[in-house]
Structure formats: structure tokens, C-alpha cells
Amino acid sequence: MKIAAKQFSLYGFHDTKISAIVKEANVTQPTFYLYFKSKDAIFQELIDLFKAELHKRVEQSKLATGIETSGLLQRIANSIALIFQLFQENEQVARIGFFLSEDAIEIKEQMAKQIEENLTVEVENGYFHSNIDLSIVASAIVGIIGHLTLTKLWAGLKTPDELSKEITRLFLYGLIREN
């Protein structure tokens, strides 16, 4: 799976060959076909694994009731860091699932919908004000995570923790200087 992810992330779906995967994995093509029906099947399995783990991490990011306001920033930053860690620890699979695959747009839309659902509950729990379009906030979060993953995380310029703290401060406090 790791070798297939590497091949797909380097060469894309169409230019990745099963022969290259099995050669690097030091197995035969019949062995490959014992586990996977086709190149499409292993590609889809990689996407499905990424999508499931991303869904789990976004679900875990929902704020529980009763969190003290003083701990809110750190709790949110920790949750966002878990998402960036997924992208960092699984860069090749994340490249496939979040950027290269035909499912990438759908994965981002599902992530935004899930974040919006989380935010709706968090507004109901009194953490955030209700006079903002949560679908725009959710889409912005997904966009920021995607862009910063490409430009900062995978470029080695920022860690998951650094990125998550910056994003959290931005969304909670904005750009206005405190007096």
C-alpha cells in the first residue's frame, strides 16, 4: 500500500504501472492480484482509508460541552493539529485523496459539511456567536488546511502545531490588534 501510494503520488493514477509497484515491493504481479483486483482497486482503497481517517479526525475535533473558555484555544488548536498530522504522516496518501483523485472535491465537500455540523453544535453550546454563515467558515477552514498543507507543512516551513495555533488564533481573534 505504501509503495502504491508513493507511485500514485509521484506519477498520478494513469502513469502509475502495476509492474512498477510490484517491482519496488519485490513481489510478483500474481501476488498483487491476490490482494487487489486492479490498479483502480488499490487506488480506491488508498482513498477510502484516507477519507475514513480524515472523517474520524474531524469528528474528534467537535468541542465537547463544558469546556472552559480559557482552554478553548488550545483544545481547538490540538484538534486542527491532528488533521495536519494526518497530512504530514501520510503525505503520499493525502496527496492522492485530497488533491489528485477525482474524489478530492467530494472529500473536501464532505469535510466542510462535517466541520459545519460541528460548528452548528458548538454554536448551540454557546462557544461561538450565531451571526455568521457557518458553511463559509467551514469551507474557509478546509481551504486554509489544504493550502497550508501544500505551502507550509509539506515544504517543511511549519509544523502541525504551529499551523494549528495560527489558524486557531486567526479564527478566534481575527486580525484586529488588541488595545
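Just so it is clear, the structure is predicted and the values come from calculations on it, not from any experiment. (Residues numbered from 1 in each chain as written. Predicted model: local features only at pLDDT ≥ 70, side-chain atom pairs only at ≥ 80, totals over all residues. Heavy atoms only, no water.)

**Comments concerning the overall build of the chain**
Item 1. Along the backbone of the chain there are nine helices and zero strands.
Item 2. Helices and strands appear in the chain in the N-to-C order α-α-α-α-α-α-α-α-α.
Item 3. Structurally, the chain occupies a C-alpha span of about 65 × 30 × 25 Å along its principal axes.
Item 4. Here the chain, with 179 residues, has 37% of them falling under the buried criterion.
Item 5. In the chain, of all internal contacts separated by at least 6 residues, the share reaching a separation of at least 24 is 67%. (Helix = DSSP H or I, 4+ residues; strand = E, 2+ residues; numbered from the N terminus. Buried < 20%, exposed > 50% of the residue type's maximum accessible area, 1.4 Å probe, protein only. Contact = heavy atoms within 4.5 Å.)

**Some details on the confidence of the model for the chain**
Item 1. Of the residues in the chain, 99% have a pLDDT of 70 or more, and the chain-wide mean is 93.
Item 2. For the chain, per-element mean pLDDT is lowest for helix 1 (residues 2–15), which scores 89, and highest for helix 8 (residues 134–153), which scores 97. (pLDDT = per-residue confidence, 0-100.)

**Considerations on the packing of helix 6 (residues 91–100) against helix 8**
Item 1. One way to put it is that helix 6 packs onto helix 8 with a least axis distance of 12 Å and a crossing angle of 135°. Relative to helix 8, the element helix 6 lies oblique. Helix 8 is crossed by helix 6, and the crossing has left-handed handedness. Across the interface between the two elements, R95, F98 and F99 from helix 6 touch V142, G146 and L150 from helix 8.
Item 2. Of the residues that constitute the contact of helix 6 with helix 8, the class distribution is four nonpolar, one polar and one charged. (Axes fitted to C-alpha atoms, helices over the stretch in contact; angles between N-to-C directions. Parallel < 35°, antiparallel > 145°, perpendicular 65-115°, else oblique. Left-handed = near helix turned anticlockwise from the far one by under 90°. Nonpolar A, V, L, I, M, F, W, Y, C, P; charged D, E, K, R; others polar.)

**Brief notes about the packing of aromatic side chains**
Item 1. For the structure on display, the rule yields 12 aromatic pairs.
Item 2. On the basis of an interplanar angle of 15° and a centroid distance of 5.9 Å, the ring pair of F8 and F13 is categorised as stacked.
Item 3. Taken together, a centroid distance of 5.0 Å and an interplanar angle of 90° make the contact between F87 and F98 edge-to-face. Linking F87 in helix 5 (residues 72–89) with F98 in helix 6, this pair joins segments that are 11 residues apart in sequence.
Item 4. The buried category is assigned to F98, whose relative accessible area is 0%.
Item 5. Put simply, the rings of F50, F87, F98, F99 and W154 pair up and form one aromatic cluster.
Item 6. Sitting over the ring of F13, K39 keeps its end group 4.5 Å from the ring centre.
Item 7. Residue placement shows K108 over the ring face of F98; its charged tip is 5.0 Å from the ring centre. (Phe/Tyr/Trp six-rings, centres within 6.5 Å; stacked < 30°, edge-to-face > 60°. Lys NZ or Arg CZ within 6 Å of the ring centre and 35° of its normal.)

**So, the side chain of T168**
Item 1. By secondary structure assignment, the location of T168 is in helix 9 (residues 160–173).
Item 2. Ignoring sequence-local partners within four residues, the contact set of T168 consists of L73, I76, A77 and I80.

**Thoughts on the nonpolar core**
Item 1. Ranked by internal contacts, the top residues of the largest apolar core, which has 45 residues, are F50, L54, F87 and M111.
Item 2. Put simply, the parts of the chain that give this core at least two residues each are helix 1, helix 2 (18–25), helix 4 (39–60), helix 5, helix 6, helix 7 (104–124), helix 8 and helix 9.
Item 3. If one sorts the elements of this core by residue count, helix 8 sits on top with eight residues.
Item 4. Apart from the residues lying within four places of it in its own chain, the contact partners of F87 are F50, L54, A94, F98, I145, T149, L153 and W154. (Core = buried A, V, L, I, M, F, W, Y, C linked by side-chain atoms within 4.5 Å.)

**Observations concerning helix 7**
Two residues of an α-helix separated by three or four positions point the same way, owing to the 3.6 residues in each turn.
Item 1. For helix 7, spanning 21 residues, the distance from its first C-alpha to its last is 30 Å, which sits close to the expected 30 Å at 1.5 Å a residue.
Item 2. Considering only its buried residues, helix 7 is in contact with helix 4, helix 5, helix 6 and helix 8.
Item 3. Remark: G126 follows helix 7 within two positions and exhibits a positive phi of approximately 85°. (Expected span 1.5 Å × (residues − 1).)

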